[in-house]
Amino acid sequence: MTTPPAPRLRPRRPAWAGRNYTLLTTAAVVTGLGNAGALIAAAFAVLETGGDGGDVGLVAAARTLPLVVFLLIGGAVADRLPRHRVMVAANSLNCLSQAVFAVLVLSGEARLWQMAVLSALGGTGQAFFSPAAEGMLLSSVNGEQAPRAFALFRMGMNGAQIGGAALGGALVAVVGPGWVLAVDAAAFAVAGALRSLLDVRAVAQREPGGGMLRDLREGWREFVGRPWLWSIVVQFSVVNAVVGAAESVFGPLVAEDHLGGARPWGLALAAFGAGTVLGALLMVRWRPRRMLLAGSLCVLPLALPSAALAVPVPVGPLAVVMFLVGVSVEVFGVSWMIALRQEIPEDKLSRVSAYDWFGSVAMVPLATALAGPAEEAFGRSASLWGCSALILALTLAVLTVPDVRRLRRRETEPVAEGGPAAAADTDPEPVSPR
């Protein structure tokens, strides 16, 4: 009697976590590991060449400026072309720019203008990547399972920040920033390869429409027609700017002067990442009915890190603050993704996402570039206290918008043929993380 072959064991995963969702999550974890350390490495690469706070801010602004300039075009392109191809092309550009950055730093030949140009290329890649990636993710799961899927995605992505930030800070201190930048370049290469495997056969073909300007106008109408959407984006245009200045410029300077350098600052950023993991775990179970109200209340703690750096507190209390802020930020992040997924038509997701990103980062270059001059004019402590005050004032203002307080999460959502549910279930084969 012939013994039947043993069944092939496959990793268990939720039925809704299809091929695309798994690939997107795995790639996000890979790039998260690389980016967390690269942000620290770029700042300390500037400082090692003799730069000051103003130079760190200029390099950070050089990355964000092209992000602002090209975001809207990137959103329109992502709603016209296959989103996965846009993502792979953007990853390739990021890989190349970070690799050249690493070679220059390792050779000791890096100049400020070169670091600024390479950072600008990285920002250009992100401008095309971000709207395409958000549109792809939002359409990769069905409406009923979206809250859990987004929470798990963000948990994986932000969990990578723990190891990436801690390891990046340690590597900068031990082997220097050049090797950390090289790791980031390799991470972009791996992530691009994973994203090239995305299956878009079940996604409905998009009609070309009447041109780029018409596409942008349609996205704008979707954006301004929803008070909850544009009011929160306006809020975060300032919140992200001051948080970016505190994190990219003031944080490394405080770490260098008071905390002991790159390693403790990396640990503080890792604590923030650990908080986001706990926040994502919370959002797997907790589904607040008034999602934007709950999320916006959790923006208020973003004022704490700037205040902690203004004092400044030792690394232990700073890490605790960053951890708590990570938890609260994740509540907002998941709630925001659910709102976009629920309220925005699939064929306009990338364009609306582009307006969201544009508003959210438009003021970051200005804030990071002015961080150094603000420190000279008002002092570092006063500048950081000002960051905290702006975050509190704008968040309280957003809570006065009726739609922010009243928008409710729908329990069920109809899914169009060829839409998100189909895209999530195109291939039942599991994809193992690499």
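Residues numbered from 1 in each chain as written. Predicted model: local features only at pLDDT ≥ 70, side-chain atom pairs only at ≥ 80, totals over all residues. Heavy atoms only, no water.

A. Representation of the overall build of the protein chain. Each helix and strand in the protein chain was counted, giving 17 helices and zero strands. Counting every position in the protein chain, which comprises 434 residues, the buried fraction comes to 55%. For the protein chain, the share of sequence-separated contacts (at least 6 apart) that also reach a separation of at least 24 residues comes to 91%. Surface accessibility of the protein chain: about 18300 Å² in total, with carbon and sulfur atoms responsible for 66%. (Helix = DSSP H or I, 4+ residues; strand = E, 2+ residues; numbered from the N terminus. Buried < 20%, exposed > 50% of the residue type's maximum accessible area, 1.4 Å probe, protein only. Contact = heavy atoms within 4.5 Å. Areas by Shrake-Rupley, 256 points an atom, 1.4 Å probe, with all protein chains shown as cover.)

B. Geometry of unusual backbone geometry. At the junction of V311 and P312, the peptide bond is cis and its omega measures out at -15 degrees in the coordinates. Note on placement: P312 falls in the loop between α11 (303–310) and α12 (315–343).

C. Up close: the nonpolar core. Formed by 65 residues in total, the largest nonpolar core has its most connected members in M87, F150, W228, L229, I232, L292 and W336. Per element, the largest residue contribution to this core is 11 residues, and it comes from α12. Beyond its immediate chain neighbours, meaning those up to four positions away, F150 contacts L137, L138, V141, M337, I338 and R341. (Core = buried A, V, L, I, M, F, W, Y, C linked by side-chain atoms within 4.5 Å.)

D. Structural view of the packing of aromatic side chains. Counted according to the given criterion, the structure contains seven aromatic pairs. Judged by centre distance (4.9 Å) and plane angle (25 degrees), the rings of F236 and F332 are stacked. You can see F236 sitting in helix α8 (residues 227–259) and its partner F332 sitting in helix α12, a full 96 residues away along the chain. Neither F236 nor F332 differs from the other in exposure class; each is buried. For the pair F332 and W336, a centre-to-centre distance of 5.9 Å together with 15 degrees between the ring planes defines the contact as stacked. Highlighted residues: F332 and W336, both in helix α12, separated by four residues, approximately one helical turn. (Phe/Tyr/Trp six-rings, centres within 6.5 Å; stacked < 30°, edge-to-face > 60°.)

E. Just the pattern of salt bridges, in detail. Applying the stated criterion across every chain yields a total of five salt bridges. Across the pair R380 and D257 runs a salt bridge, and its minimum N-O distance is 3.0 Å. Pair noted here: R380 is in helix α15 (residues 380–398) and D257 is in helix α8, with a separation of 123 residues, a long-range link. Given a relative accessible area of 18%, R380 falls into the buried group. The class for D257 is partly exposed, based on a relative accessible area of 48%. Each member of the salt-bridge network shares a partner with another, and the members are D257, E375 and R380. (Salt bridge = Lys/Arg side-chain N within 4 Å of Asp/Glu carboxyl O.)

F. Molecular detail of helix α14 (residues 364–378). The terminal C-alpha atoms of α14, which comprises 15 residues, lie 19 Å apart, in line with the 21 Å expected from a rise of 1.5 Å per residue. Bending of α14 peaks at approximately 45 degrees at the position of A371, with proline P373 no more than four residues after it. By the burial criterion, the buried members of α14 are V364, P365, A367, T368, A371, G372 and E375. Of the residues one or two after α14, G379 is the one with positive phi, at around 95 degrees. (Expected span 1.5 Å × (residues − 1). Bend = angle between axes of the 7 residues up to and from the residue.)

G. Structural view of a nonpolar patch on the surface. A grouping of L106, V174, V175 and W179 is seen on the molecular surface, where their side chains present a nonpolar patch of about 390 Å² in accessible area. Relative to the elements of secondary structure, W179 occurs in helix α6 (residues 177–195). (Patch = residues over 30% accessible without salt bridge, like charges linked within 9 Å, V, L, I, M, F, W, Y side chains within 5 Å.)

H. Main features of the side chain of T124. Its place among the elements puts T124 in helix α4 (residues 112–138). Every residue in contact with T124, bar those within four places of it in the chain, is listed here: P66, F70 and L93.

I. Representation of the environment of F101. Assignment of secondary structure puts F101 in helix α3 (residues 83–107). Separated by 84 residues in the primary sequence, F101 and A185 place their C-alpha atoms 9.2 Å from one another.

J. Looking closely at the confidence of the model for the protein chain. On average, residues of the protein chain score 79 in pLDDT, and 86% of them are at 70 or above. Note that pLDDT drops below 50 for residues 1–9; the model gives that stretch one contact with residues more than four away or on any other chain. Between residues 414–434, whose pLDDT stays under 50, and residues either more than four places distant or in other chains, the model counts 48 contacts. (pLDDT = per-residue confidence, 0-100.)

K. Inspection of the environment of G359 at higher detail. Its place among the elements puts G359 in helix α13 (residues 349–361). The exposure class assigned to G359 is buried, which follows from its relative accessible area of 14%. With 122 residues separating them along the chain, G359 and S237 place their C-alpha atoms 5.3 Å apart. Setting aside its immediate chain neighbours within four residues, G359 contacts V233 and S237.

L. Layout of α4. A rise of 1.5 Å per residue sets the reference length of α4, with its 27 residues, at 39 Å; its end C-alpha atoms lie 38 Å apart and thus fit the reference within 8%. The largest bend along α4 reaches roughly 30 degrees and is located at F129, with the proline P131 sitting one to four residues downstream. The element α4 is extensively covered by neighbouring structure, given that 19 of its 27 residues are classed as buried.

M. Broad picture of the packing of α8 against helix α9 (residues 262–285). Where α8 meets α9, the closest approach of the two axes is 8 Å, and the angle between their N-to-C directions is 130 degrees. One element, α8, and the other, α9, form an angle in the oblique class. For the pair α8 and α9, the crossing hand works out as right-handed. Within the contact between the two elements, α8 uses E247, G251, P252, A255 and L259 and α9 uses P264, W265 and L269. When the residues that make up the contact of α8 with α9 are grouped by side-chain class, the tally is six nonpolar, one polar and one charged. (Axes fitted to C-alpha atoms, helices over the stretch in contact; angles between N-to-C directions. Parallel < 35°, antiparallel > 145°, perpendicular 65-115°, else oblique. Left-handed = near helix turned anticlockwise from the far one by under 90°. Nonpolar A, V, L, I, M, F, W, Y, C, P; charged D, E, K, R; others polar.)

N. Representation of the side chain of T395. Among the structural elements, T395 can be located in helix α15. Since its relative accessible area comes to 0%, T395 is described here as buried. For T395, the contacting residues outside a window of four places in its chain are Q235, S296, V299 and L300.

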